[in-house]
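Secondary and tertiary structure notes
Read off the chains here:
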Amino acid sequence: RTACTYAAMQPLPHGDGPDYASLAYSLSRGEGFQFAWRTEAWQTPYRADRAAQSYAQLSRIDWPGTPASRPPLYPMAIAGIYSVVPRGPRAFAAVRVFSLLCTAMAGALAVWIAFDLTSDLRVSRWVPILAAVATLGLALLDRTIRTYSVDFLTEPMAMLLSMSIALSLMRWQQGHQASRFWFTLLVLATAALILTRAITIFWLPGLAILVAASTRINRLRWTCW
């Protein structure tokens, strides 16, 4: 029974999940940002799994110290969950719920963006509603998105942060009254996204161009007004 419980909750053996779980374990114990492959307590739930032989990480050895192969924000989030819910089946379930909530919030922001963008167009009232429903439908039909919440992966957080960037940039470009708030959110979400998925640092040139273009549009809008 215990093996089945762990198998349903812990990170899957194939993929990056065990890496993030290992880093989170070390962070939760105050041992810094490092892997805990050889720590017996970390290995226990994996060895209790009937598919323990599938976890190559149980025999993995890395150089000691801080690794540069994984971004830190997601392991920190998992470690935060471990500080509230002791590591085990319930904590593993809480991590998956966290991923599910991130995915759901990202979907909600995508619907908001679709509705808001089409509302600015001179079209019939039903077009924004159709755009929002279509966005939601496409998200629900995407099988890949649904699989993100069954493992310890950075994609749910990255989707939420990406949608936050898109929304804040759109609202700031629109010259919203709280433009300072939206620009601050844009900066913070961008920084958090890079700390979640390091490869997104290559987005910075494109975002800089969009911000520069939006600034010029806002100035023209205020000048015309």
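The following paragraphs examine the structure supplied in this document. None of the values given here were measured: they were computed from a predicted structure.

Procedures and definitions
- Residues numbered from 1 in each chain as written.
- Predicted model: local features only at pLDDT ≥ 70, side-chain atom pairs only at ≥ 80, totals over all residues.
- Heavy atoms only, no water.
- Helix = DSSP H or I, 4+ residues; strand = E, 2+ residues; numbered from the N terminus.
- Buried < 20%, exposed > 50% of the residue type's maximum accessible area, 1.4 Å probe, protein only.
- Contact = heavy atoms within 4.5 Å.
- Salt bridge = Lys/Arg side-chain N within 4 Å of Asp/Glu carboxyl O.
- Phe/Tyr/Trp six-rings, centres within 6.5 Å; stacked < 30°, edge-to-face > 60°.
- Lys NZ or Arg CZ within 6 Å of the ring centre and 35° of its normal.

Helix and strand counts for the chain stand at 10 helices and zero strands. Listed by position from the N terminus, the elements making up the chain come as α-α-α-α-α-α-α-α-α-α. For the chain, the residues scored as buried account for 39% of the 225 residues in total. The contacts in the chain between residues at least 6 apart in sequence include a share of 68% that link residues at least 24 apart.

Attention now goes to the pattern of salt bridges. Summed over the entire model, instances satisfying the criterion amount to seven salt bridges. Here Asp-19 and Arg-60 are joined by a salt bridge, their closest N and O atoms 3.2 Å apart. With Asp-19 in helix 2 (residues 17-28) and Arg-60 in the loop between helix 3 (40-47) and helix 4 (73-84), this pair connects stretches of sequence that are 41 residues apart. Taking relative accessible area as the criterion, Asp-19 reaches 4% and is therefore assigned buried. Relative accessible area serves as the criterion here: at 25%, Arg-60 is assigned to the partly exposed category. Note that Arg-171 and Asp-116 form a salt bridge whose closest N and O atoms lie 2.9 Å from each other. Here Asp-116 lies in helix 5 (residues 89-119) and Arg-171 lies in helix 8 (residues 155-173), a separation of 55 residues in the sequence. The buried category is assigned to Arg-171, whose relative accessible area is 14%. Connected via shared salt-bridge partners are Asp-16, Asp-19, Arg-60, Asp-62 and Arg-70.

As a further point, take the side chain of Thr-103. With respect to the helices and strands, Thr-103 occurs in helix 5. Assessed through its relative accessible area of 15%, Thr-103 is described here as buried. Apart from the residues lying within four places of it in its own chain, the contact partners of Thr-103 are Ile-145, Ser-149, Pro-156 and Met-159.

As a further point, take the packing of aromatic side chains. Aromatic ring pairs: the centre-centre distance and the angle between the two ring planes describe each pair. Evaluation of the coordinates by the stated rule reveals nine aromatic pairs. Taking the centre distance of 6.4 Å and the plane angle of 75 degrees together, the rings of Trp-112 and Trp-182 count as edge-to-face. Residue Trp-112 is found in helix 5, and its partner Trp-182 is found in helix 9 (residues 179-196); the two are separated by 70 residues along the sequence. What makes Trp-112 partly exposed here is its relative accessible area of 36%. Here the aromatic residues Phe-35, Trp-37, Trp-42, Tyr-46 and Tyr-55 are joined through ring pairs into a cluster of three or more. Here the guanidinium or amino end of Arg-60 rests over the ring plane of Phe-35, the centre of that ring lying 5.1 Å away. Looking at Arg-70, its charged tip hangs above the ring of Tyr-20, at a distance of 5.6 Å from the centre.

Right, let's talk about the environment of Leu-138 for a bit. With respect to the helices and strands, the residue Leu-138 is situated in helix 6 (residues 126-141). By relative accessible area, which is 62% here, Leu-138 ends up exposed. For the pair formed by Leu-138 and Gly-107, sequence separation is 31 residues and the distance between their alpha carbons is 10.0 Å.

Looking now at the side chain of Thr-190. Within the secondary structure, Thr-190 is located in helix 9. You can call Thr-190 buried: its relative accessible area is 11%. Excluding its chain neighbours within four sequence positions, the residues that come into contact with Thr-190 are Ile-165, Leu-204 and Leu-207.

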